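Residue-level structural notes
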Amino acid sequence: MPDERMPPGWPIVARKEFTDHLYSGRFVALLAVLSLAGAGAVFAASTGIRSVAPQTVGIPALFLRLFTVSADPVPFALVVFIAFLGPLLGIMFGFDAISGERNQRTLPRLVAQPIHRDDVINGKFVGGLGIVTVVFVALTLFVAGIGIFRLGVVPTPAELARLSVWVLAAIVYVGFWLALAMLFSVVVRRSSTSALIGVSIWLGLALFGNLAARLVARLLAPSGPGAALAEARLETLLARISPMTLFSEASSALLDPTVRTTGVVTLAQLDRAIISNLSLVQSLAVVWPQVVTLVAYTVICFGLAYWAFMRQEVRA
Amino acid sequence: MSDEPVISARGLTKRYGDTVAVDGLDLEIGRGEVFGLLGPNGAGKTTTILMLLGLTEPTEGTVRVLGLDPARNPLAIKRRVGYLPDAVGFYEGLTGRENLRYTARLNRMDPDEAEARIDMLVDRVGLADAADRPAGTYSRGMLQRLGIADALVKDPDVLILDEPTAAIDPEGVSEMLDLIRTLATEQGVTQLISSHHLQQVQEVCDRVAIFVSGRIVASGTTHELAVGGAGPERLELRIDGGRDDLVRALEGVPGIDDIRPGRRPGSWEVVVAREHAGDAVRALAAGGVEILELRRASEELDEIYRRYFQEVTTHAG
C-alpha cells in the first residue's frame, strides 16, 4: 500500500485550524476592533470628502480616497490603520500554532496519524491565511458599504480591481506576521513568550522603525554637496527594511492612481511633469519591488519555521 | 505473511549526542500477541515506540511494522497502527467527540462510518456521558480513556500503548486491562504495551521484555523469566505452626539454603535449590505440616524485574 494513494493531509489540518479560529474569542474580538476602527476612519474620511466635494469635481478614483484620506476627528486613514494593526492579526492567529499543540500535549497524537509532519505546519499556515482573508474581505466590504452609503458614489470596475489587488497585498503583509509568529511558536516553548516576542517586534518597528532609519541615515550620510539628498535616499532605503514601510508604500500606489513613485523626488524632476492617472498595471509596476520583497519576507519566515519544525523532536 | 512478525526490530539504536537512549534493541512481536515492554522511567521505552512509528529516526538498525519500513512508508503504517502516547492530551476547546472526529478525518475515514464508530468507542471506554463536554474539563483518567478511544478510532491492526494505566484509578485499570485482552482475543489486535507498572500489566501480556537503560535484559513469558533466573527457588509459605515445624519437616532435604521470615507478616520463606523445590514441598506434606498457603515468591514479575534491574545497575556501577 503506497503512501501516495491517500489524499494530502494539510487540507484537513487547515480546515480544523480555520474552524477553530472562526469560533475563537480572539477572532470575534479582532473583528470587533477592526470593524469599529474601520467604520470610524471611513466615516470621518467620507465626511471630509463630502465637505470638499464641490471644489473637486473630477477627482480620480474618488471612491478609493475613502481608504487613503484621514479627516477629523479620526487622525488616521484606513490604510495607515491596517498597516499598524495588521501585524496584530497575524500574531494573534500564529503565536501558539505549534507551542499550543505542545502545551496541550496533542502533538505526538497528531503526528502519529497518517499525515506527513509538514502537513501540520503547512495546514496551520494555510488555515491562518484563510481566516485572515475572511477578515480582510469582510472589513473591505463593510467599509465599502459605508462609503457607498455616505458618498453615493459607486466604485468603478477599475477601482474594484485596485481594491482587490490591495486586499491581496494586505493578506501577504499579514501573512508575513503570521509566518513570523509561527516561527516563534516553533522555537519558543511557551505560547506567552512567543506572543510577547511577536508583539515586541511589531511595536518596536511601528514606533521606532522610522526613527531608527533617520538616525542611522544621519550617522552614515556623507558630507559635502548633495548630502541632504543622499541622506534622504539612505533613510528611505533603510525604512524599507521594515515590512510596514513596504506595505504602506505599496498601498499608496495601489489605491491612488496619481502616485507615480515612492522614492525621493526632487523639484527638478517634477518640472513640466504631466499629471495623469496610471493604470493598475503601471501602479503595480511602481511598487513591484515592495510587493516582491513582502512576498520574499513571508516565504523566508515560513521557510525558517518549517525548517525548525521539521528538525524538532516530537517529544517536548 | 501471517507467519511474519507484525513488529520487528534489529539492532535498533538511538543516540542523542553522547547519550544512548536505545542500545541495539532486537524485538519480534507476532500477530495477535500482547507484548509488554517493561522498565523504569527513562529506560528508552518511548523513544523505541517513536522509532517504530517513524516519528523519530533510528541512529542504527532496522524496523519493520506490518512488513513496512517506517522511514519509507510512514503513512501506510500510521493508518493501521493506533497509538496512545504517554500522558496523552486533547484540544481543550473541543469536546471529546470533536477530538475523535478530527482523528477520524485525519485517517480519511468515511464520516458516517466514523460517527458510528465514535459512538461505539465512547460508550466502550465509559465516556458516553462526557463525550460532548470540552476535553479541557476532563480529569487525567478521563483523558486516558479518551486516548484509548482515540487510538481505536481507525480500527487498527496494531495498537501501541505508552503507559496506558498511568493516572487512572484501580477500577479503571482493570477495565483497561479487560479491554486490551478482549481486543487481542476477539479481534486479533497485536499490542505493544509499555509500562513501568509491572503488576498491572503482567496479567494481560503474552510476553514481556524487561528494558533497562536502553537494553532488553530479559524477555519471555512471565513463567519463563521466573524459571530462567539462575538463583535458587524461594517458596513463600503460611503454615499452622512455627519455624521449628518447618526445620523439623525439612530436615534431610538437600539444597535447603535458608528458612527465614517472609516479607508478608506471618509467612515464611524457604530458599531451596531449584531442582530440590519439589522435594521440599513433598517433605513438608509428609512431615505433617499443615500448609495454609504456598507460592513461589520469585514468580512475581516485580521480583524478577528488581533482580534484573539490580544486576544491571551493579554491573554498570
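For clarity, every value in this text was computed on a predicted model and none was experimentally measured.

**Considering the pairing of strand β1 (residues 7-16) of chain B**
All names here are of chain B. One ladder, built from 7 bridges, connects β1 with strand β2 (residues 19-29); its direction is antiparallel. Across the sheet, residue Y16 finds its bridge partner in β2, namely T19. Alignment of β1 against strand β4 (residues 60-65), held across 5 bridges, turns out to be antiparallel. The partner of T13 across the bridge, within β4, is E60.

**Overview of the sheet that holds β2(B)**
Residue and element names in this part refer to chain B. Pairing within the open sheet is antiparallel, and its 3 strands lie in the order β2-β1-β4. Either end of the sheet is taken by a strand with one partner, and the two such strands are β2 and β4. In this sheet, adjacent strand axes meet at a mean angle of 20° when their direction is disregarded. Helix-sheet contacts for helix α1 (residues 45-52) involve β1, β2 and β4, and the interaxial angle to β1 is about 120°.

**Description of the domain arrangement of chain B**
Domains assigned within chain B are domain 1 (7-220) and domain 2 (228-316). Centre-to-centre, using C-alpha coordinates, domain 1 of chain B lies 38 Å away from domain 2 of chain B.

**Considerations on the interface of chain B and chain A**
At the interface, 26 residues of chain B touch 21 residues of chain A. Among the elements of the structure, α1, α2 (74-80) and α3 (96-106) of chain B are those that each provide at least two residues to the side of chain B that touches chain A.

**Quick word on the environment of P134(B)**
All names here are of chain B. Position of P134 among the secondary structure elements: in the loop between α4 (111-124) and α5 (140-152). We classify P134 as partly exposed; it has 16 C-beta atoms within 10 Å. Separated by 55 residues in sequence, P134 and R79 place their C-alpha atoms 26 Å apart. In contact with P134, other than residues within four places in its own chain, are E92, G93, L94 and T95.

**Thoughts on the nonpolar core**
Grouped together as the largest cluster of nonpolar side chains are 147 residues, with contacts concentrated most on L178(A), A179(A), M182(A) and A149(B). Element by element, the count of residues in this core is highest for helix α8 (residues 157-187) of chain A, at 17 residues. The next biggest cluster of nonpolar side chains, apart from the first, holds 8 residues, and it includes L235(B), L237(B), V272(B) and L284(B).

**A word on unusual backbone geometry**
All names here are of chain A. For R105, which is not a glycine, the phi torsion comes out positive at approximately 60°. Considering the arrangement of structural elements, one finds R105 in the loop between α5 (99-103) and α6 (107-111). On the basis of neighbour counts, which here come to 16 C-beta atoms within 10 Å, the residue R105 falls in the partly exposed class.

**With respect to the pairing of strand β8 (residues 207-212) of chain B**
Residues and elements named next belong to chain B. Taking burial as the measure, the 6 residues of β8 include 5 buried ones, the bulk of the element. Summarising the sheet, strand β3 (residues 34-38) and β8 pair through 4 bridges and their orientation is parallel. For L37, the partnering residue across the bridge sits in β8 and is A209. Here β8 pairs with strand β9 (residues 215-220) via 5 bridges, running antiparallel. The residue bridging V208 from the neighbouring strand is G220, located in β9. Connecting β8 to the next strand, β9, in antiparallel fashion are 2 residues, including S213 with a positive phi near 50°.

Rules used in this analysis
- Residues numbered from 1 in each chain as written.
- Chains lettered and ligands numbered in written order.
- Predicted model: local features only at pLDDT ≥ 70, side-chain atom pairs only at ≥ 80, totals over all residues.
- Pairing = 2+ DSSP bridges.
- Helix = DSSP H or I, 4+ residues; strand = E, 2+ residues; numbered from the N terminus.
- Axes fitted to C-alpha atoms, helices over the stretch in contact; angles between N-to-C directions.
- Contact = placed C-beta atoms within 7 Å.
- Domains from an automatic or database assignment.
- Buried ≥ 20, exposed ≤ 12 C-beta atoms within 10 Å, placed from the backbone.
- Core = buried A, V, L, I, M, F, W, Y, C linked by C-beta atoms within 7 Å.

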